[in-house]
Amino acid sequence: MFLNNILLFVRNLRRQRLFSVINLLGLTISIASTLLIYLYVRHEFSYDRFHHDVQRIYRINQTFIWGENNNNQFASTGPGVAYAVQSEIPEVELMTSVHTPGNFIISYSNENNEVISFEEDRVLAADTNFFKMFNFPVVAGKSENAFAQANNLVMTRSTAEKYFGSSDPVGKLVRLSGVGGEDQKTYEVTAVIEDTPENSYIEFDILLSMKAYPIERFSWSWIWTQLETYIRVDPRANIDEVREKIAALPKTHVEQTLRAAFNTTYEDYVKSGKKWELFLQPMLDIHLPAQTVINRLNESGSLQVVYSFVGAAIFIIILSCVNFMNLSTAQFSRRIKEASVRKVLGMGKMDLTLSFFMEALLFCMTAAAVGIELTQILLPAFNVVTEKSLQLRLFNDVPLMLLLSGIVLLMAAISSSYPALFLSGFNPAEAIKGKVKVGRQGKSFRNGLVVFQFSISIILIICTAVVFQQLSFISNKEIGFNKQNLLVLNHVEAITSGEALANAALKLPGVEDVSWCRSAPPRIWDGDSFTAEGLNGITLSINFTGADEHYLGALGIKLLVGRNFMQDSPGDIQRVILNEAAVKKMGWNVDESVLGKKLIYDVNAQFEIIGVVADFNYWSLNTPIEPMAIFHVANNQVTGNRRQFLVMRIAQQDLKSWETTLGALQGLWDRHASGLPFDYSFVDQAFAETFKSQNQFGQILTVMASLALTIAVMGLLGMVIYALDQRTKEIGIRKVTGASIA
């Protein structure tokens, strides 16, 4: 019987080529898109599942203490949190912390006295429990004593090959220094691990020993938020009780930090409307969190985006099934006599239904085979859009084979359901005599299916339009300064004089303005506690940067009150410019009354306020604008990161002129930087990175909506062709009687 079904399937393919092609195209597109979405969704849900006992691993998050209007959780904690957990929570069987020390220049002198040197930007520091907590396979050396000394480090396999080639890296010595060559230290390679998987939240190329950093010295501090802290709970522990115990820690342990940093007590801190809470986030939820968390080590994905893709795949499958169902029913007149003869020859209704199911199954199996090949063809482009390295390995992937088999059976059942009932429910004698009216049977149902198809397609198109409208709003949002044509030159701290480099850069072709500074939007991360005269010692969290007198002009930041720094005013090193949010947070009016007041860091660091600028986004576009201060770049009393930059306003120009400007800038850098890497970025691209996942979502949703519309249009085309075929005689008579084509 199965052989007869195959022969019948082949015969119908030949007789009804157009309808068969439309059906196969629809089913193939739906299967290919479903496979792509499945690979993406499975990858998103696979993050960090390779760690042993990952169900018992949690990250400790806290309230975002560096902002007043931000209710998101903050993944960065101070060393005091880990010490409090260790002393108070017996259910915690293991704890580890991870630090982000920044970029380093790492160099190695080989046997031929050749110096191999690279800048490494994926560097973390970890304690001795790191490899007990996380499963990163060791390929050389031993993880147990990898961080026995402060000058120990671990490399990934590809990083080790970059420095040492095929020789054994374990025991070899490398030099670490800042980008400017400062703080040179010798480290020993104690182990080599496999490259971190793509589905790992924790990613690094170099792992340093935490013993090299002042963690114990800051054991009291909850405000030195430089760590991500992880715990593994005892398997017998009640996690709800652990959450309650951890949530109670700030009340009893944060007092010392509050007095030292904010000059207040925990009770007064809470009474002022602020919060300092601790939360437990399962390791498996870090990549796809239910609510937004400000991470330190890596970016998170979006659970809403994943569910949206799953919904789009389901809709596309339904649309292709509706196509098959609609076109099969529309061919009632061509199949009715075939079905009637089968009934007369003794085929029962169940057998006839099974026959139609087998035909649909063969259609779906053929579409699945073509869809797999189409997926392989489209996968490289899909990987480019999603920035993944997804692979389709069907025969080595049992879950995928089961899913594909289930999809094929489900699509066959849905596609054949109504045609089978429709074509098996009539009287064969009446049909053979021609008394069954054809062409009108199920017409309303078919029209309803077409409306359904286009309704789904329109819904997807509307969703896509909403997403792109939101992206357009974000990208064109007024952020308080002009982010276009702003180039940021990195590693200026390595230059003897940043001011001299800025003056030389100002003379380059195409350069309109240059500022020597310590950070630029959207990466202004420095912050600390400050008070001001009239606040009676109450401290506030204020983010800050350091910049020269060209900063406001180069970025296009509006000065509302007072004046900018001036080159001929040496006293400006002890002065500061605030944004509106900082002035308002202190309870002052944004007017000239704030000028001359003091912003106080400590007894020996008091800064006269000389200006107020309009608020501008210095973080991502979806975060509120927090209080901020701009100190003079030459001031060293307020300590932040030691990095320095040039922010350069480039004229609007063509591609050739840009190449000239960049070439001249690189030449200038090479003359001043003694072989250090020439590295630059653009402010507008940095802002675009902050909503990269939303852009990817919009692009993929556009493709899905286009596919859905294509399937619906193909179905409508088939219905139009069928309608024309049914009216061939009518059209012929009309032409004979003189009707024109127009």
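Before reading on, note that the structure itself is shown above.
Here the structure is a predicted model, which is why all the values come from computation and not from measurement. (Residues numbered from 1 in each chain as written. Predicted model: local features only at pLDDT ≥ 70, side-chain atom pairs only at ≥ 80, totals over all residues. Heavy atoms only, no water.)

Visitor: What's the story with the overall build of the protein chain in this structure? I'm lost.
Guide: Looking only at helices and strands, the protein chain has 22 helices and 25 strands in total. Overall, the C-alpha framework of the protein chain stretches about 105 × 65 × 65 Å when taken along its three principal axes. In the protein chain, buried positions account for 51% of the 742 residues. Pairs at least 24 residues apart make up 79% of the contacts formed inside the protein chain by residues separated by at least 6 positions. Entry remark: accessible area of the protein chain is about 34,400 Å², with carbon and sulfur atoms responsible for 55%. (Helix = DSSP H or I, 4+ residues; strand = E, 2+ residues; numbered from the N terminus. Buried < 20%, exposed > 50% of the residue type's maximum accessible area, 1.4 Å probe, protein only. Contact = heavy atoms within 4.5 Å. Areas by Shrake-Rupley, 256 points an atom, 1.4 Å probe, with all protein chains shown as cover.)

Visitor: Explain the pairing of strand E18 (residues 540–547) here, please?
Guide: Residues in a regular strand point their side chains to alternate faces of the sheet. With eight of its eight residues buried, E18 lies for the most part within the structure. The alternating pattern of E18 places Leu540, Ile542, Phe544 and Gly546 on one face and Ser541, Asn543, Thr545 and Ala547 on the opposite face, and all of these are buried. Examined bridge by bridge, strand E17 (residues 527–532) and E18 share four bridges and lie antiparallel to one another. Counted as the bridge partner of Ser529 is Ser541 from E18. Bridge count between E18 and strand E23 (residues 628–632): five bridges; the pairing is parallel. Residue pairing in the sheet places Gly546 in a bridge with Phe631 of E23. (Pairing = 2+ DSSP bridges.)

Visitor: Honestly, the packing of aromatic side chains in this entry has me stumped. Any pointers?
Guide: Each aromatic ring pair is characterised by the separation of its centres together with the angle its planes make. As enumerated under the stated definition, the model contains 31 aromatic pairs in all. With 6.3 Å between their ring centres and 85° between their planes, Tyr40 and Phe382 make a pair best called edge-to-face. With Tyr40 in helix H2 (residues 17–45) and Phe382 in helix H12 (residues 349–386), this pair connects stretches of sequence that are 342 residues apart. Look at Tyr40 and you get buried, because its relative accessible area is 8%. Centre to centre, the rings of Phe678 and Tyr680 are 5.4 Å apart; their planes meet at 50°, and the pair counts as tilted. Relative accessible area serves as the criterion here: at 31%, Tyr680 is assigned to the partly exposed category. Connected via pairs of aromatic rings, a cluster forms that spans Phe50, Phe130, Phe131, Phe134, Phe136, Phe147, Phe204 and Tyr230. (Phe/Tyr/Trp six-rings, centres within 6.5 Å; stacked < 30°, edge-to-face > 60°.)

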